[in-house]
Amino acid sequence: MSKASIVREWTRPDGSKCVGGSEDNAKAPPGSLMLYNSLLDEKVPFVPASGPGSKSLSWYTCGPTVYDVSHMGHARNYVTFDIIRRVLEDYFGYNILYVMNVTDVDDKIILRARRNYLLAKYKEGKHTDAEVKAFAEKAVQNSFAKQRAKLAEAEALVVTAKEEQEAAAADKKGVLQRQLNELEGAIKNEAHKLSQIQTALRALGQAGDSATIYAVASDFVAEELDREQGKSVTDSSIFRAHAAKYEAEFTQDMDSLGVRRPDVLTRVSEYMDEIVDYVKKIVDNGMAYESNGSVYFDTTNFRACGHTYGKLKPWAVGSSALAAEGESNFETSEKRSNTDFALWKASKPGEPFWESPWGQGRPGWHIECSAMASTLIGSRMDIHTGGDDLRFPHHDNELAQAEAFYHNEGCHQWVNYFLHSGHLEIEGLKMSKSLKNFITIREALKSFSARQLRLLFVLQSWNKSMVYGEASRAEMKAREAQLKNLFQNIEVAVRGVDEIASCAKWQAEERDQSQKLQAVQNQVHEHLLDNLNTAAVMDTLSELIKSTNIYLSKKRESASAAAPAQPLLLRKVATYVTRMLSMFGIVDASLDKPGFADAAGGAGDAKGAGYLDAFAAFRDEVRSLARTKADPKETMTACDRVRDVALVELGVRLEDRPDGKAIWKLDDPAVIKAEQQERAKTTSEAARKKMENALNLKQIVVPRDVVGST
């Protein structure tokens, strides 16, 4: 079957069939939640498998392959689905069984653990700088030749894909164009990798000592050592320790980002018996075969049994270029078809292994998720999630394995809703470890708070690619400042006010503001029903913030003491905004105390002593100045100093008002200091330019004979 001829189909939980592109797919009762389902690449109504009125959901998400540090691309995926989970649980009221796996047995883990071990042993050896450089040059040259061949192969595939797309019938052009687009993206990735190797070659030419050589070429040296000595690594504890280290780091990173922990965490190494039984049943059902101690999934017979292979990404089926990162053993003489894939891999020297009916070996990458999810959830799953790069081959193969396993039960749709988060891009490329263009989560948290990073993702569509660039970071900071300003302004307006005693008859301004709040609440609900559109929700909240600030401004400008800003109305606005932010995980605060939790403080908490110390020190200084009859300017300087130094350290922003009455707001000390530095920089730059202009004027000399000449 041609990949272009695969019809995108999806069965609703009620049993009705949907075909890709049909207008009927989006038909649903008013008020229905719509989700973008990767099985059709369209928005469709969301209905639980247990029935329209049910609040019970099953959800399996692909967890990390723990072979290296977690980066912002991982944050994009896990924070994004944490936001979606929170909305479904906290807003729509679903009760979710949330299962996540940890892949602790995998080709990448084996390679990285082995290479790290061999590199460490090599560094312990007594090698001269010249010997290390010679070996490194050989390693980089080998990688260069290999990568140049991969780039040439990718370019050839694009040429072929263009010819196929141009010659295809009109109804096939769309799917072939998607394949072409991805192949062209693959060229960019392969070219980027080649460029990095060329950069390493140039740097290596300038390197003299071993430390510099390793800094430039350690990855290449490790790869070369693995080619030569990898088979000699037989201690299985090396692989276990490597995976355990990065699993612990991943968990810490997710906690730092405020990601809710799963209800169930599964590890491949703990489910070997279930995985072996799963493979056996697929073999028994006639959709897998043994070959030299390995077991392969039979895609040809799978189709012959009435199933569809390649539901999520039909244009990628059979393309080694589009499966390369996820299927390292894509080409082998053991397979009957190039689209077949490994369920069980016979052990090789230098690899961990487990016993099976086919001999010693280990699971293929895809079988783990099908087996573990089936063990915990069964033959029908509500939601399955992962990054968009997992569509093919991983998720397509998961679906095929599960349908083959449950074939005798008539399973043709194991997952009802497949959700894929969009890529995080940097400089036009997907952020990934293989491209070495990633920023680790821990590095990002040195520049941004967890709240800011979460806000960054809330401001984007969850299922579309986003750019990790200056524009998105600037928008995130502006939105955070807007939110802080709202909470601070409301806090100032209600500070020291008896909410009940100050209640007054609502005027036109109050009625108008209340109507705006109700309209915003309705709009937010509609946005969430529309594919959980968090970006639109934030835009709508922004409009509420603007109208609230206008309301406050009018009340401040009003000369009538009988018409103050109404604290109960302001509290309702602040509480609603806080509720939405809390639902997204941006704040972790009680709705009885709206706003950002980290802006709290008072004499009764740990900061209280600091406030009292600052006040006592300021009082001592003022008393001293009074006793010595100091110049009033010194007293003003002391007032500025307590505002700009002592209170800033305590997270207090003191703002002078034209009427001579200052107001205080609580904020992050680092934020206030950064603003002070920026103001100082701007003032200094203005003074420098003024001085330069003055000097330039002095240097202008007008000759006497020019004065009055015609």
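Worth saying up front: this structure is predicted, and the values here are computed from it rather than measured.

J.: Please give an account of the sheet that holds strand β16 (residues 466-467) that cites residues and values.
T.: Taken in spatial order, the 3 strands line up as β15-β14-β16 in an open sheet, and their pairing is mixed. Two strands lie at the open edges of the sheet, namely β15 (429-430) and β16, each paired on one side alone. Across 2 bridges, strand β14 (residues 424-426) lies against β15 in antiparallel orientation. Bridging from a neighbouring strand, isoleucine 426 pairs with leucine 429 of β15.

J.: Break down the side chain of glutamate 42 for me, with residues and values.
T.: Of note, glutamate 42 is situated in strand β4 (residues 42-45). One buried charge, glutamate 42, has no salt-bridge partner; the nearest side chain with opposite charge is arginine 8, at 7.8 Å. Among the polar contacts listed, one links the side chain of glutamate 42 to the backbone nitrogen of glycine 21, at a separation of 2.4 Å. A polar contact is formed between the side chain of glutamate 42 and the side chain of asparagine 25, at a distance of 2.9 Å.

J.: Run through the pairing of strand β12 (residues 381-387), naming residues and quoting values.
T.: Of all 7 residues in β12, 7 are buried; the element is thus mostly enclosed. Note that strand β5 (residues 56-61) and β12 share 3 bridges and pair parallel. By the bridge assignment, tyrosine 60 is partnered in β12 with histidine 384. Relative to strand β13 (residues 415-421), β12 runs parallel, the two sharing 6 bridges. Directly across from isoleucine 383, in β13, lies its bridge partner tyrosine 417. Taken together, β12, helix α11 (residues 391-405) and β13 form a β-α-β motif whose crossover is right-handed.

J.: Which residues make up the pattern of salt bridges, and what values do they have?
T.: Under the counting rule described, the total for this entry stands at 50 salt bridges. Arginine 261 is paired through a salt bridge with aspartate 255; the nearest N and O atoms lie 2.5 Å apart. According to the relative accessible area criterion, aspartate 255 is partly exposed, its value standing at 37%. Because the salt bridges share partners, they merge into one network encompassing Arg85, Glu89, Asp90, Arg260 and Asp263.

J.: Requested: an account of helix α4 (residues 170-206), with residues and values cited.
T.: With 37 residues, α4 extends 55 Å from end C-alpha to end C-alpha; this agrees with the ideal 54 Å at 1.5 Å per step. When the local axis directions of α4 are compared, the greatest deviation, roughly 25 degrees, occurs at leucine 176.

J.: Now, about the packing of aromatic side chains: what can you tell me, with residues and values included?
T.: A complete count under the given rule lists 15 aromatic pairs for this structure. Judged by centre distance (5.1 Å) and plane angle (75 degrees), the ring pair of tyrosine 78 and phenylalanine 250 falls under edge-to-face. In this pair, tyrosine 78 sits in helix α1 (residues 72-91) while phenylalanine 250 sits in helix α6 (residues 237-256), placing the two residues 172 residues apart along the sequence. One aromatic cluster is present, built from ring pairs that chain together Trp10, Phe46, Tyr94 and Tyr417.

J.: Kindly report on the environment of tyrosine 309, identifying the contributing residues and their values.
T.: Relative to the elements of secondary structure, tyrosine 309 occurs in the loop between α8 (299-304) and α9 (320-323). Residue class for tyrosine 309 comes out buried when judged on its relative accessible area of 3%. Each C-alpha atom, one on tyrosine 309 and one on alanine 563, is 69 Å from the other, the two residues being 254 residues apart in sequence. Other than its neighbours up to four places away in sequence, tyrosine 309 contacts Ile6, Thr299, Phe302, Arg303, Val317, Thr339, Phe341, Phe392, Asp396, Asn397 and Ala400. Within the structure, tyrosine 309 has its side chain in polar contact with the side chain of asparagine 397 (distance 2.5 Å).

J.: Go over the sheet that holds strand β10 (residues 341-346), please, and point to the residues and values.
T.: The strand order across the open sheet formed by 4 strands is β8-β9-β10-β11, and the pairing between neighbours is antiparallel. Both edges of this open sheet fall to β8 (288-291) and β11 (361-363), since each of them pairs with a single strand only. For this sheet, the mean inter-axis angle between neighbouring strands, taken without regard to orientation, is 20 degrees. Looking at chain direction, strand β9 (residues 294-297) and β10 are connected through 3 bridges and run antiparallel. Counted as the bridge partner of phenylalanine 297 is phenylalanine 341 from β10.

J.: How would you explain the side chain of arginine 85 if you had to name every residue and give the values?
T.: With respect to the element layout, arginine 85 can be found in helix α1. According to the relative accessible area criterion, arginine 85 is buried, its value standing at 4%. Ignoring any residue separated from it by four or fewer positions in sequence, one finds arginine 85 in contact with Trp59, Ile96, Tyr98, Arg260, Arg261, Pro262 and Asp263.

J.: Could you give an account of the pairing of β9, with specific residues and numbers?
T.: The two faces of β9 match: Ser294 and Tyr296 on one face and Val295 and Phe297 on the other face are all buried. Across 4 bridges, the pairing between β8 and β9 is antiparallel. Note that in β9 the partner of glutamate 290 across the bridge is valine 295. Where β8 folds back on β9, the antiparallel hairpin that results is connected by 2 residues, among which asparagine 292 adopts a positive phi of roughly 55 degrees.

J.: An account of the packing of helix α14 (residues 470-494) against helix α17 (residues 567-584) is requested, with residue identities and associated values reported.
T.: Remark: α14 packs on α17, axes separated minimally by 10 Å, with the N-to-C direction vectors making an angle of 150 degrees. By the criterion of interaxial angle, the relationship of α14 to α17 is roughly antiparallel. Between α14 and α17 lies a crossing whose hand is left-handed. Across the interface between the two elements, Leu483, Leu486, Phe487, Ile490, Ala493 and Val494 from α14 touch Pro567, Leu570, Ala574, Val577, Thr578 and Leu581 from α17. Of the residues that constitute the contact of α14 with α17, the class distribution is 11 nonpolar, 1 polar and no charged.

J.: Quick one: what's the story with the environment of arginine 227, residue by residue and with numbers?
T.: Looking at the secondary structure, you find arginine 227 in helix α5 (residues 210-229). Among the residues examined, arginine 227 registers a relative accessible area of 42% and is labelled partly exposed. Placed 88 residues apart in sequence, arginine 227 and alanine 139 show a C-alpha to C-alpha distance of 9.9 Å. Discounting residues that sit within four places of it in the chain, arginine 227 has contacts with Ala139, Asn142 and Ser143.

J.: Summarise the confidence of the model for the chain; cite the residues concerned and give the values.
T.: Confidence in the prediction of the chain, expressed as mean pLDDT, is 90, and 93% of residues score 70 or more. In the model, residues 600-606 has pLDDT below 50 throughout and makes 9 contacts with residues more than four positions away in sequence or in other chains. Note that pLDDT drops below 50 for residues 706-710; the model gives that stretch 1 contact with residues more than four away or on any other chain.

J.: Give a description of unusual backbone geometry that names residues and reports values.
T.: With omega at 5 degrees, the peptide bond leading from phenylalanine 392 into proline 393 counts as cis. Along the polypeptide, proline 393 turns up in helix α11. A positive phi is found at asparagine 292, a non-glycine position, where the angle reads about 55 degrees. Mapped onto the fold, asparagine 292 is located in the loop between β8 and β9. The phi torsion at lysine 629 lies on the positive side, around 55 degrees, for a residue other than glycine.

Reading the values: the criteria
Residues numbered from 1 in each chain as written. Predicted model: local features only at pLDDT ≥ 70, side-chain atom pairs only at ≥ 80, totals over all residues. Heavy atoms only, no water. Pairing = 2+ DSSP bridges. Helix = DSSP H or I, 4+ residues; strand = E, 2+ residues; numbered from the N terminus. Buried < 20%, exposed > 50% of the residue type's maximum accessible area, 1.4 Å probe, protein only. Lys, Arg positive; Asp, Glu negative; His and termini not counted. Salt bridge = Lys/Arg side-chain N within 4 Å of Asp/Glu carboxyl O. Polar contact = N/O pair within 3.5 Å; in protein donor to acceptor, adjacent residues only side chain to side chain. Right-handed = clockwise from strand over helix to strand, strands pointing away. Expected span 1.5 Å × (residues − 1). Bend = angle between axes of the 7 residues up to and from the residue. Phe/Tyr/Trp six-rings, centres within 6.5 Å; stacked < 30°, edge-to-face > 60°. Contact = heavy atoms within 4.5 Å. Axes fitted to C-alpha atoms, helices over the stretch in contact; angles between N-to-C directions. Parallel < 35°, antiparallel > 145°, perpendicular 65-115°, else oblique. Left-handed = near helix turned anticlockwise from the far one by under 90°. Nonpolar A, V, L, I, M, F, W, Y, C, P; charged D, E, K, R; others polar. pLDDT = per-residue confidence, 0-100.

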